[in-house]
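# Tertiary structure, described
Chain residues, written in single-letter form:
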Protein chains: 4
Amino acid sequence: MSLVASADVTTPRPQGARPYPLASRAEHPEDTVVQVGGVAFGGQRVVVIAGPCAVESREQLMETAEAVRAAGATVLRGGAYKPRTSPYDFQGLGEEGLELLAEAGARTGLPVITEVMDSEDVGLVARYADVLQIGSRNMSAFRLLRRAADTGKPIMLKRGFQATIREWLLSAEHILAQGNPRVILCERGIRTYDSEYTRNTLDLNAVPLLARETHLPVVVDPSHGTGRSDLVATMAFGAVAVGADGLMIEVHRQPGEALCDGKQSLSTGEFGALMAGLRPLAALLGREV
Amino acid sequence: MSLVASADVTTPRPQGARPYPLASRAEHPEDTVVQVGGVAFGGQRVVVIAGPCAVESREQLMETAEAVRAAGATVLRGGAYKPRTSPYDFQGLGEEGLELLAEAGARTGLPVITEVMDSEDVGLVARYADVLQIGSRNMSAFRLLRRAADTGKPIMLKRGFQATIREWLLSAEHILAQGNPRVILCERGIRTYDSEYTRNTLDLNAVPLLARETHLPVVVDPSHGTGRSDLVATMAFGAVAVGADGLMIEVHRQPGEALCDGKQSLSTGEFGALMAGLRPLAALLGREV
Amino acid sequence: MSLVASADVTTPRPQGARPYPLASRAEHPEDTVVQVGGVAFGGQRVVVIAGPCAVESREQLMETAEAVRAAGATVLRGGAYKPRTSPYDFQGLGEEGLELLAEAGARTGLPVITEVMDSEDVGLVARYADVLQIGSRNMSAFRLLRRAADTGKPIMLKRGFQATIREWLLSAEHILAQGNPRVILCERGIRTYDSEYTRNTLDLNAVPLLARETHLPVVVDPSHGTGRSDLVATMAFGAVAVGADGLMIEVHRQPGEALCDGKQSLSTGEFGALMAGLRPLAALLGREV
Amino acid sequence: MSLVASADVTTPRPQGARPYPLASRAEHPEDTVVQVGGVAFGGQRVVVIAGPCAVESREQLMETAEAVRAAGATVLRGGAYKPRTSPYDFQGLGEEGLELLAEAGARTGLPVITEVMDSEDVGLVARYADVLQIGSRNMSAFRLLRRAADTGKPIMLKRGFQATIREWLLSAEHILAQGNPRVILCERGIRTYDSEYTRNTLDLNAVPLLARETHLPVVVDPSHGTGRSDLVATMAFGAVAVGADGLMIEVHRQPGEALCDGKQSLSTGEFGALMAGLRPLAALLGREV
């Protein structure tokens, strides 16, 4: 799928049996394409998902949604339920946030993705969202995975920040084994011994590795992956270069005023510059963005 | 220096005082260019260092050296002293390896880089090598750093596989404080909780982060960084995309017969394909390779 | 509480404000004692929780329950819902397992503890269990924490295998802030870069550290903490020596035939030997077991 | 060797061939005892090594040496060469420090241990020291290991803070294969993802694990292992409980004025209290201290 991937093909690796038969590339050689409305994850186009960390208000969301669509994003993100380490932080608007998100999706024509944090909420979230996101902390919440699978909706499964590749693919296997083949993987940074300058360590190695291990599409989230807005664009560039099928980027009209993760959010202007920078790179790789 | 870096410049970060004043970008805003013969690390050209993990024989080295030069490498690598976890593994040819390396450098016209593992060897290695490499295990061997600094030769300082960015820059500071400004940093993968599918986790985030923290050039080694030949080309591509000033690639005429690290070595043919793939990417970024 | 702890008291540390005011020792200097029937966590007695990883059958459970009670355990454990990395592994008996557990508790007179994995199950599990266990993978499942808190039952909160001490105490804070003060912490090993010889790295440092940071009782699980039955007794000994308020030990009548975690389970005979070994140590520390 | 170890013996593990034949317990079932003057590492007595992080002055060292001897320490430690992350920190007194250390050893009758950081210094350090310490950063400095081995002196090999058990034993194998059987292992804490409250994570699991894997004696250093003086005594207690053959404790007459690692140093009074606390525990285990 890239200039380089074709070079790599000259060194095939013998692959032993994997404990995730449904997710395994060895057993399903062809790429899976997950269709969401008019958007295809795993196809020739690099899908860009953008929007705020959290839905905060109608104005904030609509303004951001219009801006990211204008810049070329094809999926809108926004959190209604936020998993927060502290019980004293903003926990999201809940159903009101879902309604606003659906409204923004309808207005912009963009499909929407949002996180479902708990089995109890699956039905509710599935009424509003086009793609269900399973967050990093919940990658091993197996009941939640099954409930989400049962909706039949596409599911974006973020990597646990402490999860091995094997564990991640086994969590995908939980969804696939439940009868829902529409799984998108999202690399979002792992926890290492060094978190002084960056929040996480974005693991771009996972992208070409997953391309060998699985047929599922892979999205990269450099916002959480680095935790620093000034590194997001460069790492997004790197993600596309190593073959990512999509990007997830946090964008806020006023990052300095965000209720959540402002330090890692691009302004709408920065996001536009990023999109412009990505186009020639995608073209070089025989893709578009 | 890249399409994307220019976008990033719009979000400057306030920087506190750093404990590495000589290495700090804040105190030395201009890029350092380390000149090695006709090769410049930190300039417009992405420098590609290639060659075998270990010097094994004249034939092996000469054949590989000619091939990597023909493919476009501008520096030749090869280990004469190998730090091996087991005392029962091949430890390198020692001075004989250094002689062969110098001979290969003379024959191909390429400057040579090789690892110096111990203070005792600094004088000897410096007689043969154009660049002294400090290996990952020795990043905190402070006497060795000072001895190497005293030769006045350029020094490529590999990141300890467990080292934080701060520790790495402080090790560079040891060299700079000794009066040798010719330091090249080399990211080569860190140790994380997951080493089932890859030997290390190549930390590409370090590249744009270091571009903010320091003025020193940064090289990326995807061979050690992944430990798998089938991932090397893609990660090299990613490294250039995120702004690396150079690459270090292990190449062997017969990877399957290498005495050291054969699993992560490219064949000469694969290396040629990689170089061909990198040229249009470098051009897109306003660089060459 | 120990010979040594009294020595340590001579070096008090100034403590900054903590983000977990309800859990913080600085704001609540006195030890919290969590009473479960006649058993007190956080008191003078070291509480030993024992039983099988999973409830497999009436015979297996009853035999094990009788044996651990005879050896001196005062709480019975057993999993009815098992979080399994693979969807193809035994997932537990569910409600049937809960019924058997309650029956075994009634027969032996031991209070029972079992894991609740999902918000949906909280009501059901709370009908059968005396203590609700939140497993390592769910330490940050915040809705589950709140639902469990709402039952008013004592909650044993296992440390996420990737969780910092700060994050762990913030998860406890979620429960406390919901109005349930009956929280027991359980250290069960963390994930590090080395998992060749042991499944996890049991972090005994957490025990005296938590004694400074929080007033909540702390239990240690050396079974998961090491993953090896031949290390369990020694690490249990160490846990008591550093001041643990309790132990959680997996015991199976036939470890070699266990459906889950047999490698880390003690036989009933080994468990009896462990209990005998612990008594003089506890006595030395002014405690009993 | 402990109440508990005897219980553990009931669960022998089949052991595959190890890559460290000389260090392997499987091939050398009997405990190695390393004799240093009248002190035996690996015997019935738990050896306590104590003294300052760095030799700072005659008065500081002599006062501390007398105090630790009076409290029951049987080996004196003190650093003359200090590996410091920053080139701007105190690097130790060098040869003057060695002379003071030898003088203090002679005056107190205690054998002395000190770190040798570089191959160049081995001869010099060996003239003054009874035991050569290889520090954590140098565990994989293989030439240094061989040079140290060649002196025939006992060698205390600290675990690299990033080293696996396998790598550690392979470093010991480098020394053993050089013909020096007098190797003492020292666990001193590993680097994990959490370093907010403690400097390192002391890995007490390593103690019983090493007792199975190797015949070499194992010492524990809770000073570096935690980095906090208020945790040292408790973790020392835990180390003895899990079977450590010795302890290494940093002691300073005025921890608040230490030039190095004052935060983790006990005062002489605290050290005396620790020794008093350890005696009944050792007695319980059939050992003395």
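What comes next concerns the included structure. In this text, all values refer to a predicted model and were calculated from it rather than measured experimentally. (Residues numbered from 1 in each chain as written. Chains lettered and ligands numbered in written order. Predicted model: local features only at pLDDT ≥ 70, side-chain atom pairs only at ≥ 80, totals over all residues. Heavy atoms only, no water.)

A tally of regular secondary structure across chain A gives ten helices and ten strands. Over its C-alpha trace chain A gives a radius of gyration of 18 Å, about what one expects of a compact globule, namely 19 Å for 289 residues. Along the first, second and third principal axes, the C-alpha atoms of chain A reach 55 × 40 × 40 Å. When burial is assessed residue by residue, chain A has 67% of its 289 residues classed as buried. For chain A, the accessible area works out to roughly 8,700 Å², and carbon and sulfur atoms hold 49% of it. (Helix = DSSP H or I, 4+ residues; strand = E, 2+ residues; numbered from the N terminus. Rg over C-alpha atoms; globule rule 2.2 N^0.38 Å. Buried < 20%, exposed > 50% of the residue type's maximum accessible area, 1.4 Å probe, protein only. Areas by Shrake-Rupley, 256 points an atom, 1.4 Å probe, with all protein chains shown as cover.)

For the rest of this paragraph, the subject is the pattern of salt bridges. Under the criterion given, the structure shown has 88 salt bridges over all chains. The partner of Glu213 of chain C in a salt bridge is Arg18 of chain C, with the nearest N and O atoms 2.6 Å apart. Of this pair, Glu213 of chain C sits in helix H7 (residues 206-213) while Arg18 of chain C sits in the loop between helix H1 (3-8) and strand S1 (34-36), and the two are 195 residues apart along the sequence. In terms of burial, Glu213 of chain C and Arg18 of chain C fall into one category: buried. Between Glu250 of chain C and Arg77 of chain C there is a salt bridge, with its nearest N and O atoms 3.6 Å apart. Placement of Glu250 of chain C in strand S10 (residues 246-250) and of Arg77 of chain C in strand S4 (residues 75-77) is noted, with a sequence separation of 173 residues between them. Each member of the pair, Glu250 of chain C as well as Arg77 of chain C, carries the same accessibility label: buried. Taken together, the salt bridges that share partners define one network made up of Glu120 and Asp121 of chain A together with Arg143 and Arg147 of chain C. (Salt bridge = Lys/Arg side-chain N within 4 Å of Asp/Glu carboxyl O.)

What follows concerns the side chain of Lys82 of chain C. Residues and elements named next belong to chain C. Within the element layout of this structure, Lys82 appears in the loop between S4 and helix H3 (95-108). Here Lys82 is buried and forms no salt bridge, its nearest opposite-charge partner Glu115 lying at an N-O distance of 5.1 Å. Those residues in contact with Lys82 that lie beyond four places of it in its chain are Cys53, Ala54, Arg77, Phe90, Gln91, Gly92, Met117 and Cys260. (Lys, Arg positive; Asp, Glu negative; His and termini not counted. Contact = heavy atoms within 4.5 Å.)

Here we come to helix H6 (residues 165-177) of chain B. Residues and elements named next belong to chain B. Spanning 13 residues, H6 covers 18 Å between terminal C-alpha atoms, matching the ideal 18 Å at 1.5 Å per step. Counted residue by residue, H6 has eleven buried out of 13 residues, so it is predominantly covered. Within H6, burial applies to Ile165, Glu167, Trp168, Leu169, Leu170, Ser171, Ala172, Glu173, His174, Ile175 and Leu176. Elements that come into contact with the buried residues of H6 comprise helix H5 (142-150), strand S7 (155-158), strand S8 (183-187) and helix H7 (206-213). A positive phi of about 100° marks Gly179, the residue just after H6. (Expected span 1.5 Å × (residues − 1).)

Attention now moves to the relation of the copies chain A and chain B. At an RMSD of 0.0 Å, chain A and chain B line up after a rotation of 180° and a shift of 0.0 Å along the axis. When the rotation and shift are considered jointly, the pair of chain copies conforms to a two-fold rotation axis. In terms of C-alpha distance to the rotation axis, chain A has Gly238 of chain A as its closest residue, with the C-alpha 2.4 Å off the axis. When the interface residues of chain A are mapped onto chain B, 98% of them again fall at the interface, so both copies present the same face. (Least-squares fit on C-alpha atoms with pLDDT ≥ 70 in both.)

The next point concerns the environment of Leu247 of chain A. You can see Leu247 of chain A is positioned in strand S10 (residues 246-250). In this structure Leu247 of chain A touches Val47, Val48, Ile49, Val219, Val220, Ala236, Ala239, Val240 and Leu278 of chain A, once residues within four positions along its chain are discounted.

Let us look at the state of the cysteines. All names here are of chain A. By the definition in use, this model includes four disulfides over all chains. A disulfide bridge connects Cys53 with Cys260, and the sulfur atoms are separated by 2.4 Å. Here Cys53 is found in the loop between strand S3 (47-51) and helix H2 (58-71), whereas its partner Cys260 is found in the loop between S10 and helix H10 (268-284), with 207 residues between them in sequence. Each member of the pair, Cys53 as well as Cys260, is classed as buried. (Disulfide = S-S within 2.5 Å.)

It is worth spelling out the interface of chain A and chain B at this point. Between chain A and chain B, the contact holds 55 residues from the first and 54 residues from the second. In this assembly, chain A packs against chain B so that about 4,800 Å² is buried in total across both faces, 62% of it on carbon and sulfur atoms. Considering only the side of chain A, the residues that lose the most area to chain B are Tyr193, Tyr197 and Asn205 of chain A, jointly responsible for 15% of the buried surface there. At the level of elements, helix H1 (3-8), helix H6 (165-177), helix H7 (206-213), helix H8 (222-226), helix H9 (229-241) and H10 of chain A are the ones that each hand at least two residues to the side of chain A that touches chain B. With nine residues, the single largest contributor to the side of chain A that touches chain B is H9 of chain A. By residue class, the composition of the side of chain A that touches chain B is 26 nonpolar, 15 polar and 14 charged. (Buried area = accessible area lost by both parts, 1.4 Å probe. Nonpolar A, V, L, I, M, F, W, Y, C, P; charged D, E, K, R; others polar.)

What follows concerns the sheet that holds strand S8 (residues 183-187) of chain D. All names here are of chain D. Strand order in the closed barrel made by the eight strands is S3-S4-S5-S6-S7-S8-S9-S10, with parallel pairing throughout. Averaged over all pairs of adjacent strands, the angle between their axes in this sheet comes to 25°, without regard to strand direction. Strand direction decides the pairing type here: strand S3 (residues 47-51) and strand S10 (residues 246-250), joined by five bridges, are parallel. Bridge pairing in S10 links Gly51 to Glu250. (Pairing = 2+ DSSP bridges. Axes fitted to C-alpha atoms, helices over the stretch in contact; angles between N-to-C directions.)

Attention shifts here to the interface of chain B and chain D. Chain B puts 35 residues into the contact, and the matching count from chain D is 35 residues. Carbon and sulfur atoms make up 52% of the area that chain B and chain D hide from each other, which totals about 2,600 Å². Summed over the shared surface of chain B and chain D, the result is eight salt bridges. Inspection of the chain B/chain D interface yields 18 residue pairs in polar contact (both at pLDDT 80 or more). Secondary-structure elements contributing two or more residues to the side of chain B that touches chain D are H5 and H6 of chain B. Here the residues of the side of chain B that touches chain D sort into 15 nonpolar, nine polar and eleven charged. (Polar contact = N/O pair within 3.5 Å; in protein donor to acceptor, adjacent residues only side chain to side chain.)

This part is about the sheet that holds S7 of chain B. Residues and elements named next belong to chain B. Around the barrel, which closes on itself, the eight strands sit in the order S3-S4-S5-S6-S7-S8-S9-S10 with parallel pairing between neighbours. Taking each pair of neighbouring strands and ignoring which way they run, the sheet shows an average axis angle of 25°. As paired strands, S8 and strand S9 (residues 218-220) are joined by three bridges and run parallel to one another. Looking at S9, one finds that Glu187 is bridged to Val220. Along the sheet, helix H3 (residues 95-108) makes contact with strand S4 (75-77) and strand S5 (112-115), crossing S5 at roughly 165°. Strands S9 and strand S10 (246-250) of the sheet are contacted by helix H9 (residues 229-241), whose axis makes an angle of about 170° with S10.

Residue and element names in this part refer to chain B. Running from N to C, helix H2 (residues 58-71) and H3 point in directions that differ by 35°, and their axes come no closer than 10 Å. Where H2 crosses over H3, the handedness of that crossing is right-handed. For the pair formed by H2 and H3, the contact residues are Arg58, Leu61, Met62, Ala65, Glu66 and Arg69 on the first element and Leu100, Leu101, Glu103, Ala104, Arg107 and Thr108 on the second. For the contact of H2 with H3, the class distribution of residues is six nonpolar, one polar and five charged. (Left-handed = near helix turned anticlockwise from the far one by under 90°.)

Further remarks concern the pairing of strand S3 (residues 47-51) of chain B. Residue and element names in this part refer to chain B. S3 sits mainly inside the fold: five of its five residues count as buried. In this sheet, S4 lies alongside S3 in parallel orientation, the contact comprising two bridges. Paired with Ile49 across the two strands is Val75, which belongs to S4. Handedness of the crossover is the feature at issue here: the chain leaves S3, passes through H2, returns alongside S4, and the resulting connection is right-handed. (Right-handed = clockwise from strand over helix to strand, strands pointing away.)

Right, let's get into the packing of helix H9 (residues 229-241) of chain C against helix H7 (residues 206-213) of chain D. One way to put it is that H9 of chain C packs onto H7 of chain D with a least axis distance of 9 Å and a crossing angle of 135°. By the angle class used here, H9 of chain C and H7 of chain D are oblique. Read as a crossing pair, H9 of chain C and H7 of chain D show a hand that is right-handed. Here Asp230, Leu231, Thr234 and Met235 of chain C of H9 of chain C lie close against H7 of chain D, whose contacting residues are Pro208, Leu209 and Arg212 of chain D. Its residues assigned to classes, the contact of H9 of chain C with H7 of chain D comprises four nonpolar, one polar and two charged. (Parallel < 35°, antiparallel > 145°, perpendicular 65-115°, else oblique.)

Residue and element names in this part refer to chain A. Residues of strand S5 (residues 112-115) alternate between two faces, with Val112 and Thr114 on one and Ile113 and Glu115 on the opposite face, all of them buried. Sheet topology note: the strand S4 (residues 75-77)/S5 ladder contains two bridges and is parallel. Paired with Leu76 across the strands is Val112, a residue of S5. Since S4 and S5 lie parallel, the crossover through helix H3 (residues 95-108) that links them has a hand, and here it is right-handed. Relative to strand S6 (residues 131-134), S5 runs parallel, the two being bridged by three bridges. Looking at the pairing, Glu115 lines up with Gln133 of S6. Handedness of the crossover joining S5 and S6 through helix H4 (residues 122-128): right-handed.

Read these as geometric descriptors, not functional statements.
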